Amino acid sequence: MTLTRRRSVLLAGLTGTLIPVLGTTAEAAVRYYSVAPGVRLNVRSGPGTGYAIVRVLPEGASVPINCQTPGTTVTGPYGTSNIWDNIGNGEYVSDAYVYTGSDGYVASRCA
């Protein structure tokens, strides 16, 4: 499932004044990644196994990856990784349980 968000596009004129451009939209698509089949995945409050579990994702879940950050090294269905995926405000899952098609970063680093 792809979600899109529309917003107005403004251009700066030569004088620095913002000028709306009619009929133009910019879309920011959110991409979802599948959690390993048959896995109920712990969502933690930070990027590591020492952080509290804030909820558990059901089998068959998909997650957005807002940003990624290093943390505790975890071994899962998709290898061993210290990359943690931020899936929401204060919500992290180990990248070793999320199918991204890459062993590295697929999103920007979390600030």
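Just above, that's the structure.
Below or above, wherever it landed, is the structure these notes cover. (Residues numbered from 1 in each chain as written. Predicted model: local features only at pLDDT ≥ 70, side-chain atom pairs only at ≥ 80, totals over all residues. Heavy atoms only, no water.)

Considerations on the environment of R109
Next up, step 1: Within the secondary structure, R109 sits in the segment after strand 10 (98–99).
Next up, step 2: Residues R109 and N86 lie 23 residues apart in sequence; the distance between their C-alpha atoms is 9.6 Å.
Next up, step 3: When residues no more than four places from it in sequence are discounted, the contact partners of R109 are C67, Q68 and P70.
Next up, step 4: There is a polar contact of 3.5 Å between the side chain of R109 and the side chain of Y105. (Helix = DSSP H or I, 4+ residues; strand = E, 2+ residues; numbered from the N terminus. Contact = heavy atoms within 4.5 Å. Polar contact = N/O pair within 3.5 Å; in protein donor to acceptor, adjacent residues only side chain to side chain.)

As for the nonpolar core
Next up, step 1: Grouped together as the largest cluster of nonpolar side chains are 13 residues, with contacts concentrated most on V35, L41, L57, V63, I87, V93 and V98.
Next up, step 2: Of all elements in the fold, only strand 3 (32–35) and strand 4 (41–44) reach the threshold of two or more residues within this core.
Next up, step 3: Sequence-distant contacts of V93, defined by excluding residues within four places in its chain, comprise L41, N42, V43, L57, I83, W84, D85, I87 and V98.
Next up, step 4: One finds V74, W84, A96 and C110 within the second-largest nonpolar core, a separate group that totals six residues. (Core = buried A, V, L, I, M, F, W, Y, C linked by side-chain atoms within 4.5 Å. Buried < 20%, exposed > 50% of the residue type's maximum accessible area, 1.4 Å probe, protein only.)

So, the pattern of salt bridges
Next up, step 1: Enumeration according to the criterion identifies one salt bridge in this entry.
Next up, step 2: Its salt-bridge partner being E91, residue R55 comes within 3.0 Å of it at the nearest N-O pair. Of the two residues, R55 sits in strand 5 (residues 53–57) while E91 sits in strand 9 (residues 91–94), which places them 36 residues apart along the sequence.
Next up, step 3: By relative accessible area, which is 17% here, E91 ends up buried. (Salt bridge = Lys/Arg side-chain N within 4 Å of Asp/Glu carboxyl O.)

Quick word on the sheet that holds strand 3
Next up, step 1: Within the open sheet, the three strands sit side by side as 6-3-10. Their pairing is antiparallel. Looking at the sheet topology across the chains shown, the edges are occupied by strand 6 (62–64) and strand 10.
Next up, step 2: Both strand 3 and strand 6 contribute to a ladder of three bridges, which runs antiparallel. Looking across to strand 6, one finds that Y32 is bridged to P64. (Pairing = 2+ DSSP bridges.)

By themselves, these are just geometric observations and shouldn't be taken as functional.
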